[in-house]
Amino acid sequence: MHRKIHSTLLISLVLILLSGSEGLAQIDIEKFSAMKARSIGPAGMSGRVAAIDAVDKDPDIIYVGAATGGVWKSRNGGTTFKPVFDDQPVSSIGAVAVCQKYPAIVWVGTGEGNPRNSSGVGNGIYKSIDEGGTWTNTGLNKTEKISRICLHPDNPDIVYAAALGTTWGENPERGVFKTSDGGKTWEKILFVDERTGCADLVMDPRNPDKLFAAMWEHRRYPWFFTSGGPGSGLYATHNGGESWRKITAEDGLPKGELGRIGLAISRSEPDVIYALIEADKSALTRSDDGGKTWKTVNSGRNVNPRPFYYCDIRVDPVNENRVYQLASRLSVSNDGGRTFTNMTPSTSLYPGYKVHTDHHALWIDPREGRLLINGNDGGVAISRDRGKKWQVVKNLPLAQYYHVNVDMEVPYNVYGGLQDNDAWIGPGNVWEEGGIRNCHWNVLIIGDGFYTENDPTTGNVGYTTSQGGNLIRFNIETGEYRGIKPEPQDSTKLRFNWNAA
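Predicted, not measured: the structure shown is a model, and the values here were computed from it. Along every chain, residues carry numbers that run from 1 in the direction the sequence is written. In keeping with the model being predicted, local features are shown solely for residues with a pLDDT of at least 70 and side-chain atom pairs are shown and tallied solely at 80 or more, while totals for entire chains, interfaces and linings include all residues. Side-chain numbers here rest on the full set of heavy atoms in the structure, without hydrogens or water.

Along the chain, the regular secondary structure elements total 2 helices and 37 strands. In summary, the chain has a C-alpha radius of gyration of 24 Å against a globular reference of 23 Å for 501 residues, a match within 12%. In the chain, which comprises 501 residues, the share counted as buried stands at 54%. Partitioning the intrachain contacts of the chain with sequence separation of at least 6 by distance along the chain shows that 47% fall at a separation of at least 24. Of the accessible surface of the chain, which amounts to about 23,100 Å², a share of 51% is contributed by carbon and sulfur atoms. Within the chain, the 57 negative side-chain charges are centred at a point lying 3 Å from the centre of the 54 positive side-chain charges. For the purposes of this entry, the term helix denotes a DSSP run of H or I that reaches at least four residues, the term strand denotes a run of E that reaches at least two, and both are numbered from the N terminus. Computation of the radius of gyration draws on C-alpha atoms alone. For the globule rule, the value is 2.2 Å times the number of residues to the power 0.38. Three labels apply to residues, based on accessible area from a 1.4 Å probe with only protein chains included: buried if under 20% of the type maximum, exposed if over 50%, partly exposed otherwise in between. Residues count as neighbours in contact if any of their non-hydrogen atoms are within 4.5 Å of one another. Here the accessible surface of atoms and residues is derived via Shrake-Rupley with a 1.4 Å probe, and residues count as covered only by protein chains that are part of the display. We score Asp and Glu as negative and Lys and Arg as positive, and we do not count His or the chain ends. Lysine's charge is taken at NZ, arginine's at CZ, aspartate's at CG and glutamate's at CD.

Have a look at this one:
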């Protein structure tokens, strides 16, 4: 009976909406103004975090930039967070930078700098002068993705921005940009071509006019992704971007065309610089003379496993030989990058209890390096002992739903798949005290969850999808799961999108 009632209400609503402007005019939208969105869960995980910065002198003040969830701020070391960017027209964040001399000044580059096939886009670079209370868009609106921001340590008006550019096409608004007037105007100071953007940018801590830029030629197509080409390369400037020198294989970099490059420079020994380079033979390279010459310190099979999604390296602020690699695992080296060991447990079937895989951001306390704040596909994790123990932040509601559906049960159920955080089913309401709890939600499949739908002829059977075209039929009552992904009937190889239909 309840299905018939719901169907009647749905049909009535559709008839009203289809009755044209005359029918729509009879609906007083103001009557719905008191309705508020409510969070129904699931609360067991967060979502992808692309950028993190904190105040050096007071690391309890943390800014977190989410891949598609805006900017969040904590004043108590990650115990609680609040959103500070929700009134802006974009939610995808690629870079966050705090002016350490004047911490009230915060810069945000929009557009995630990891151009996977489902990454968000931005509309330029924003500035706040009141600790994230209000924001002003200062330009670079057509860059689409800003991957890094470097601030002059003494002059708050001088800012460098690494712009990746469009992912699905070519555009001239990419490269390295500089402002000397606090964002009023921007100058493009490094440009290769319309296919090549800047993936990473680091500044010498003792000489703010010396910077290294990693230029990356890349392009995404509906069926393919190309990473690398003649436009890619490593560049250095000693005069604030007035001129640049390209570092080549003659200086010790890998031979052939390069792809994405991740950079890190030592705070304690600024002559020590690391470059994690995608190439025919990818390698972690190191310079001990300020970038003049380079040598390969690691060319192992897993040194750069998935560079389009993560190609990041960090150096401990007090030990130039302690190096962190951000990839599917967060790893540490204590011998200058020659060997790495995993420092986070793998993800759990019960999200939130262990540090998630796929790491994109790492802030290290510059005072002694014990405090680490990590951003990954499951949100934020914090360590206060260089990674021996981790606190997983469980109160950042950043889950990235690809699709959402409902069924006709009473109360109705909500279905949906999340980026790297499974497909779920949970109630839209419950008839018991206390409201919806996390225990009311159940995992349908693990992995990247996409489209999920209930069979309208029965309340028990449904279909859900995961990455690479996987299709699963499930029965909630019996617990049965069956893979029904189409298989080729001959030698033809079937091709599936990452986002399963």
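From this point, the narrative continues.
Our next topic: the nonpolar core. Counting residues in hydrophobic clusters, the biggest one holds 17 residues, and the most contacted among them are Ile-52, Ile-62, Val-64, Phe-81, Ile-373, Val-380 and Leu-396. Those residues within four positions of Ile-52 in sequence are excluded, and the remaining contacts are Ile-62, Tyr-63, Val-64, Ala-361, Trp-363, Ile-373, Asn-374, Gly-375 and Val-380. To form a nonpolar core, buried Ala, Val, Leu, Ile, Met, Phe, Trp, Tyr and Cys residues must be joined to one another through side-chain atoms within 4.5 Å. Membership of the second largest hydrophobic core comes to 16 residues, among which are Ala-236, Ile-261, Leu-263 and Ala-279.

What follows deals with the side chain of Thr-138. Within the secondary structure, Thr-138 sits in strand β8 (residues 136–139). The residues contacting Thr-138, other than those within four sequence positions of it, are Trp-107, Ile-125, Lys-127, Gly-183 and Trp-186.

This brings us to the pairing of strand β28 (residues 379–383). Counting buried residues in β28 gives 5 out of 5 residues, a clear majority hidden from the surface. What makes two strands pair is DSSP finding at least two bridges between them. Sheet topology places strand β27 (residues 372–376) next to β28; 5 bridges connect them, and they run antiparallel. Directly across from Leu-372, in β28, lies its bridge partner Ser-383. In sequence, β27 turns back onto β28 through a hairpin of 2 residues. Relative to strand β29 (residues 391–392), β28 runs antiparallel, the two sharing 2 bridges. For Ile-382, the partnering residue across the bridge sits in β29 and is Gln-391.

So, on to the side chain of Lys-210. Topologically, Lys-210 is positioned in strand β14 (residues 207–220). Given a relative accessible area of 7%, Lys-210 falls into the buried group. Within the local environment of Lys-210, its side chain forms a polar contact with the backbone oxygen of Gly-290, the two atoms lying 2.9 Å apart. Contact partners of Lys-210, with chain neighbours within four places excluded, come to Val-202, Met-203, Asp-204, Thr-237, His-238 and Gly-290. In protein, a polar contact means a hydrogen-donor-capable atom and an acceptor-capable atom, both N or O and within 3.5 Å, with residues adjacent in sequence counting only if both atoms are side-chain atoms; elsewhere, any N or O pair within 3.5 Å suffices.

A word on the environment of Pro-254. By the secondary structure assignment, Pro-254 is in the loop between β17 (245–247) and β18 (261–265). Among the residues examined, Pro-254 registers a relative accessible area of 12% and is labelled buried. The sequence separation of Pro-254 and Arg-48 amounts to 206 residues, and the corresponding C-alpha distance is 31 Å. Setting aside its immediate chain neighbours within four residues, Pro-254 contacts Ala-249, Ile-277, Ala-279, Lys-281, Ala-283 and Thr-285.

Strands sit in the order β1-β2-β3-β4 across an open sheet of 4 strands; the sheet is antiparallel. The open sheet has two edge strands, β1 (49–55) and β4 (82–83), and neither has a second partner. Two elements, strand β3 (residues 71–74) and β4, share 2 bridges in a ladder whose sense is antiparallel. When the sheet's bridge partners are listed, Trp-72 is paired in β4 with Pro-83.

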